[in-house]
Amino acid sequence: MTIKRPRGTNDFLPADTAKWQYIEAMLRDICAQFGYQELRTPIFEETELFCRGVGGTTDIVQKEMYTFTDQGERSLTLRPENTASAARAYLENKLFALSQPVKLYYMGPMFRYERPQAGRFRQFHQFGVEVFGSSSPWADAEVIALAWEFYSRLAIRNMVLHINSVGCPDCRRKHRQLLQEFLGGKYDQLCNSCKERFQRNPLRIMDCKSPVCQQLSQDAPTIYDNLCPDCAEHFAAVRQALEAANIPYTLDKRLVRGLDYYTKTAFEILVDNIGAQSAICGGGRYDGLIEELGGEPTPGVGFALGMERIFSALAAQGDDVQVPASLDAFVVVSPGNEDVANAAFALVTQLRRAGLKVEQDLLGRSMKAQFKLADKAGAPQVIIIGEEELAQKAVLIRNMENSEQQLLPAAEVEKYIKNLRR
Ligand code: HAM
């Protein structure tokens, strides 16, 4: 038996990675425009971080973590998400001492032991942003605007932004009681997970995927209808900011999100054509997280988006990432003459040193086959070197678009190709 990659993981081959790099570059550009700087944290953390950060009643902590004991008997976990790590890094590196807010972004692999299906993997990739140190609704609006800008640039169609407020511990306490009263008589019909949630975190019953629980909680009192004045005011300001920026949204009073740290704003961006895994992005505010991890009370807000789901969303609308061809030239050599081959290699090297993107054949192909290769690689110019050209210290340059050719002194090639770049 040959060894295969683990279930729920992917190999990304050059045809894919070119698209990933293109998207990553786009995200980095947007982050630079919005003033977010990159954070890189370890891929594994102490297990305790996620138990406390993500929350003991979540599916992630209860069922989905890749946890192992290392040789020093420490319990470590492959990160299932990156918000808890970002909060830990903020505290551990005293980023609170910097001018606030601290606006960070990250991208990389996350790990969840979920049942793999279309769009759901055990190793998947997220891009995310976190803003620490601002309780202003403008921070909520800014992170949402950043996500929206990205998907708009990618021309994702049929996307909807769902937003809700899940309140603060005060409104939660009141809502929890109302919810327990409402669901109390239906307790026996709840699924086993929701029976547990009933005591520990009844709000999350709203997020249960079981049709029975969904039915039972259908007319339950919503947290949205029970917000305290401060949370209601905050949410109204977020909505106004989105309206001012022409970002359309749907108020979704049932949206509660699957992680325990959220307070106030919660949001998801969904697309309607990629099947069950329709959430391409999710996030919200988490004003209690830093304190939960042992820091001073510090507000925070952010989101993460699934990189793989970008491609599903594009594919579902019949699109793909179009990576622009970036080659400047392809050097074609008449085969069988060592001096010519060396001159060609010297020219390729010179042009590459000058910062140009240049390719040549490495298999000793015929001229015809080299032209085919140049065409396939999307080379706008082909530089041809044969015995005659070498004798004249010249090259033949063919414009691949209109097939026009001209003889050029070898010394002028670099300048000529560079000028075409502008
Ligand atoms: P999340 O909703 O668990 O939130 O994940 C965010 C996004 O990651 C999802 O909307 C989805 O696109 C993608 N995703 C999640 N699980 C998988 C999977 N198994 N396979 C493929 N894609 C997946 C968080 O992780 C929070 N940390 C977001 C956040 C940041 N909230 C505040 N700041």
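Shown above is the structure to which this text applies.
Described in the following lines is the structure provided in the data block.

What counts, and where the lines are drawn
Residue numbering note: each chain is counted from 1, following its sequence as written. Confidence filtering applies because this is a predicted model: local features only for residues at pLDDT of at least 70, side-chain atom pairs given and counted only at 80 or more, and all residues used for totals across whole chains, interfaces and linings. Only hydrogens and water are removed before side-chain values are computed, so all heavy atoms of the structure are retained for them. We define proximity as follows: a residue is near a molecule or strand when any one of its heavy atoms falls within 4 Å of that partner. For the purposes of these results, a polar contact is taken to be a pair of N or O atoms within 3.5 Å, where, inside protein, one atom must be able to donate a hydrogen and its partner to accept one; residues adjacent in sequence count only when each atom of the pair is a side-chain atom. Accessible surface is estimated by sampling points in the Shrake-Rupley manner with a 1.4 Å probe; for residues, cover comes only from the protein chains shown. Segments assigned H or I by DSSP are reported as helices when at least four residues long, segments assigned E as strands when at least two residues long, and all are numbered from the N terminus. Throughout this entry, Asp, Glu, Lys and Arg are counted as charged residues, while Ala, Val, Leu, Ile, Met, Phe, Trp, Tyr, Cys and Pro are counted as nonpolar. The remaining residues, Gly among them, count as polar. Throughout, an axis means a line fitted to C-alpha atoms (over the contacting stretch in the case of helices), and angles, computed between N-to-C directions, take values from 0 to 180 degrees. Definitions for this section: a left-handed crossing has its near helix turned counterclockwise from the far helix by less than a right angle. A right-handed crossing has that turn clockwise. Residue contacts follow a heavy-atom distance rule, with two residues in contact if any of their heavy atoms lie within 4.5 Å.

1. Thoughts on the site of the ligand
- With respect to spatial proximity, 27 residues lie near the ligand, and among them Glu81, Thr83, Glu114, Glu130 and Tyr262 are the closest.
- Within the side chain of Gln126, an N or O atom sits 3.0 Å from an oxygen atom of the ligand.
- In this structure, an oxygen atom belonging to the ligand sits 3.4 Å away from a main-chain N or O atom of Cys281.
- Considered on its own, the ligand offers 660 Å² of accessible surface; in the complex 95% of this is hidden by protein.
- At the level of elements, strand 6 (123–132), strand 10 (279–285) and strand 11 (300–306) are the ones that each hand at least two residues to the shell around the ligand.
- When residues in the shell around the ligand are grouped by element, the largest group, 6 residues, is from strand 10.
- When the residues that make up the shell around the ligand are grouped by side-chain class, the tally is 12 nonpolar, 8 polar and 7 charged.

2. Some details on the packing of helix 1 (residues 14–34) against helix 5 (residues 137–153)
- Axis separation between helix 1 and helix 5 bottoms out at 11 Å; the angle between their running directions is 140 degrees. The handedness of the crossing between helix 1 and helix 5 comes out as right-handed. Residues Ile23, Met26, Leu27, Ile30, Gln33 and Phe34 of helix 1 lie in contact with helix 5, whose contacting residues are Glu142, Ala145, Leu146, Glu149, Phe150 and Arg153.
- Classifying every residue of the contact of helix 1 with helix 5 by side-chain character gives 8 nonpolar, 1 polar and 3 charged.

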